[in-house]
Amino acid sequence: MMSELRNGFIQLQDLTKIYQTEAGDFLALDSINLVFHEREFTSVVGRSGSGKSTLMNMITGIDKPTRGRVVIQGREVQSLKENQMARWRGRNLGIIFQFYQLLPVLTLLENVMLPMQLAGLGTLAQQARRAYALLKLVGVAEHWKKRPSMVSGGQQQSTAIARALANDPPILIADEPTGNLGTRAGANIMRIFQNLAAQGKTIIMVTHDRELAGHAQRTLTIEDGRITNDTNGLEGARSMRADLNVSFRGNQL
Ligand SMILES: Nc1ncnc2c1ncn2[C@@H]1O[C@H](COP(=O)(O)OP(=O)(O)OP(=O)(O)O)[C@@H](O)[C@H]1O
Ligand SMILES: [Mg+2]
């Protein structure tokens with residue numbers, strides 16, 4: 001377990017978040033120890049208020065834990081300075097926020113171009129072409145010229161997904177990515193995620209929806225800030241036991 005914690009692609013160690021409010025302290029994440037494996041598609045399910053978005057905000061470094069650490073690719077996220085963090089995040093993480101966070105003054109196309117511009121990837125023409133192709137992939141290309149306020153919530157959400165894919169990041173963190181999409185658009189996004197997983201992306205997807213969660217290889221359940229079920233847990237434990245057996249026999253020889 002400890003060596004797995006050290007070697008995991010994304011490691012959460014004693015991750016704890018206490019929100020301080022006027023009503024008192026609120027324990028939103030309760031000492032979570034967890035590993036996300038490289039190239040694995042994991043879903044995170046849990047009731048409203050269970051801590052899903054809080055967990056994502058810790059992993060992406062958008063908010064700081066009260067205690068504990070997030071280590072991604074050997075790098076402690078919270079130890080990075082703000083500008084280093086922004087640069088690293090821009091290249092490595094595609095983040096789909098629960099409430100989209102599109103920039104209201106930019107068109108949909110410009111919103112999707114922005115991460116490429118910030119990372120200095122490609123020429124303006126290349127950025128525009130890629131942004132358009134991504135809008136097409138998620139089904140909203142016809143609205144490319146519009147600002148977010150001129151399209152539906154679902155179309156904004158689709159745009160946010162396109163934006164998260166702009167820099168072709170190895171890691172995708174998605175907080176309720178299909179929460180506002182209709183059945184067809186939602187199924188399209190799940191197909192896209194599964195293709196990305198097959199291409200070797202590491203994906204963490206928060207959802208209320210158990211059926212959607214079933215598209216992932218592994219499902220974590222969070223309740224009151226604790227992981228109470230991990231479909232990978234048993235399997236992981238079993239394969240580690242197999243490893244132990246192998247090395248035990250090796251020692252005997
Ligand atoms: N900034 C904050 N200050 C105080 N309490 C907060 C803050 N953000 C979240 N909380 C509380 O922490 C708990 C977890 O919130 P979080 O947003 O992580 O839940 P969630 O699982 O994402 O819920 P939902 O499914 O509704 O999005 C909730 O009880 C919430 O009220
Ligand atoms: Mg949430």
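Structure: above.
Keep in mind that this is a model prediction, so the values were computed, not measured.

Colleague: Any details on the sheet that holds strand S7 (residues 171-175)? Residues and values, ideally.
Modeller: With mixed pairing, six strands are arranged side by side in an open sheet as S6-S7-S8-S3-S9-S10. Bordering the open sheet on either side are strand S6 (93-96) and strand S10 (226-230), each of which pairs with just one other strand. For this sheet, the mean inter-axis angle between neighbouring strands, taken without regard to orientation, is 20 degrees. One ladder, built from four bridges, connects strand S9 (residues 218-223) with S10; its direction is antiparallel. Note that in S10 the partner of Ile 222 across the bridge is Ile 227. Lying on the sheet, helix H6 (residues 153-165) is in contact with S6 and S7; it crosses S6 at an angle near 170 degrees.

Colleague: Report on the sheet that holds strand S4 (residues 67-72), specifying residues and quantitative values.
Modeller: Pairing is antiparallel in the open sheet, where four strands are placed in the order S2-S1-S4-S5. Edge positions in the open sheet fall to strand S2 (24-36) and strand S5 (75-76), since each of these has one partner strand only. As paired elements, strand S1 (residues 10-21) and S4 share five bridges and run antiparallel to each other. Paired with Gln 13 across the strands is Arg 69, a residue of S4.

Colleague: So what's going on with the site of ligand 1? Residues and values would help.
Modeller: Near ligand 1 you find 13 residues, and of these Tyr 19, Ser 48, Lys 52, Ser 53 and Thr 54 are the closest. If you list the elements that add at least two residues to the shell around ligand 1, you get S1, S2 and helix H2 (52-59). Considering each element in turn, the shell around ligand 1 owes the most residues, three residues, to H2. A breakdown of the residues in the shell around ligand 1 according to their chemical character gives three nonpolar, nine polar and one charged.

Colleague: Give me the lowdown on the environment of Thr 54, citing residues and values where you can.
Modeller: The topology assignment puts Thr 54 in helix H2. Spatially, the C-alpha atoms of Thr 54 and Ala 28 are 7.2 Å apart, while their sequence positions differ by 26 residues. Those residues in contact with Thr 54 that sit more than four places away from it in its chain are Lys 17, Ala 28 and Leu 29.

Colleague: Quick rundown of the nonpolar core? Include the residues and the values.
Modeller: Core analysis: the biggest nonpolar cluster contains 57 residues, and Val 112, Leu 135 and Ile 173 have the highest contact counts within it. With residues up to four places along the chain from it excluded, the contact list for Val 112 reads Ala 131, Leu 134, Leu 135, Thr 159, Ala 162, Arg 163 and Ala 166.

Colleague: I'd love a proper account of the pairing of S4, names of residues and values included.
Modeller: Sheet analysis places S4 next to S5, joined by two bridges and oriented antiparallel. Bridge assignment links Val 71 to a residue of S5, and that residue is Glu 76. From the end of S4 to the start of S5, which pair antiparallel, there are two residues, and Gln 73 there has a positive phi angle of about 50 degrees.

Colleague: Account for the packing of helix H5 (residues 124-137) against H6, naming residues and giving values.
Modeller: Contact geometry for H5 and H6: axes closest at 9 Å, N-to-C directions at 135 degrees. In this view, H5 runs oblique relative to H6, as classed from their interaxial angle. Between H5 and H6 lies a crossing whose hand is right-handed. Mapping the contact onto sequence places Leu 134, Leu 135 and Leu 137 in H5 and Thr 159, Ala 162 and Leu 165 in H6. Looking at the contact of H5 with H6 residue by residue, the class counts come to five nonpolar, one polar and no charged.

Colleague: Tell me what's going on with H6, and back it up with residues and numbers.
Modeller: With 13 residues, H6 ought to run about 18 Å at 1.5 Å a step, and its terminal C-alpha atoms sit 19 Å apart, in line with that. Of all 13 residues that make up H6, 11 are buried, and the element is covered over most of its length. Of all the residues in H6, the buried ones are Gln 155, Gln 156, Gln 157, Ser 158, Thr 159, Ala 160, Ile 161, Ala 162, Arg 163, Ala 164 and Leu 165. In this structure, the buried residues of H6 make contact with S6, helix H4 (108-119), H5, S7 and helix H7 (183-198).

Cut-off values and rules
Per chain, residue numbering runs from 1 following the sequence as it is written. As a convention, the first chain written is A and the first ligand written is 1, with the rest following in written order. Restriction of local features to residues with pLDDT of at least 70 applies here, the model being predicted, together with a cutoff of 80 or more for giving and counting side-chain atom pairs; totals for whole chains, interfaces and linings are based on all residues. Whether two strands pair comes down to DSSP finding at least two bridges between them. Counting from the N terminus, the helices are DSSP H or I runs at least four residues long and the strands are E runs at least two residues long. An axis is simply a line fitted to the C-alpha atoms; with a helix, the fit covers only the stretch in contact. Between two such axes, the angle follows the N-to-C directions and lies from 0 to 180 degrees. Contact criterion: two residues are in contact if their C-beta atoms, reconstructed from the backbone, are within 7 Å. Using a C-beta atom placed from the backbone, a residue is described as near a molecule or strand when that atom lies within 6 Å of it. Three residue categories are used. Nonpolar comprises Ala, Val, Leu, Ile, Met, Phe, Trp, Tyr, Cys and Pro, charged comprises Asp, Glu, Lys and Arg, and polar comprises the others, including Gly. Note on terminology: a nonpolar core is a set of buried residues of type Ala, Val, Leu, Ile, Met, Phe, Trp, Tyr or Cys, with members joined through C-beta atoms within 7 Å. Counting other C-beta atoms within 10 Å of its own, a residue is labelled buried from 20 upward, exposed at 12 or fewer, and partly exposed in the gap between, with every C-beta atom placed from the backbone. Throughout this description, any angle smaller than 35 degrees is read as roughly parallel, any larger than 145 degrees as roughly antiparallel, any in the 65 to 115 degree range as roughly perpendicular, and the remainder as oblique. Here a crossing is taken to be left-handed if its near helix is turned anticlockwise relative to the far helix by less than a right angle, and right-handed if that turn runs clockwise. Each helix should span, by expectation, one fewer than its residue count multiplied by 1.5 Å.

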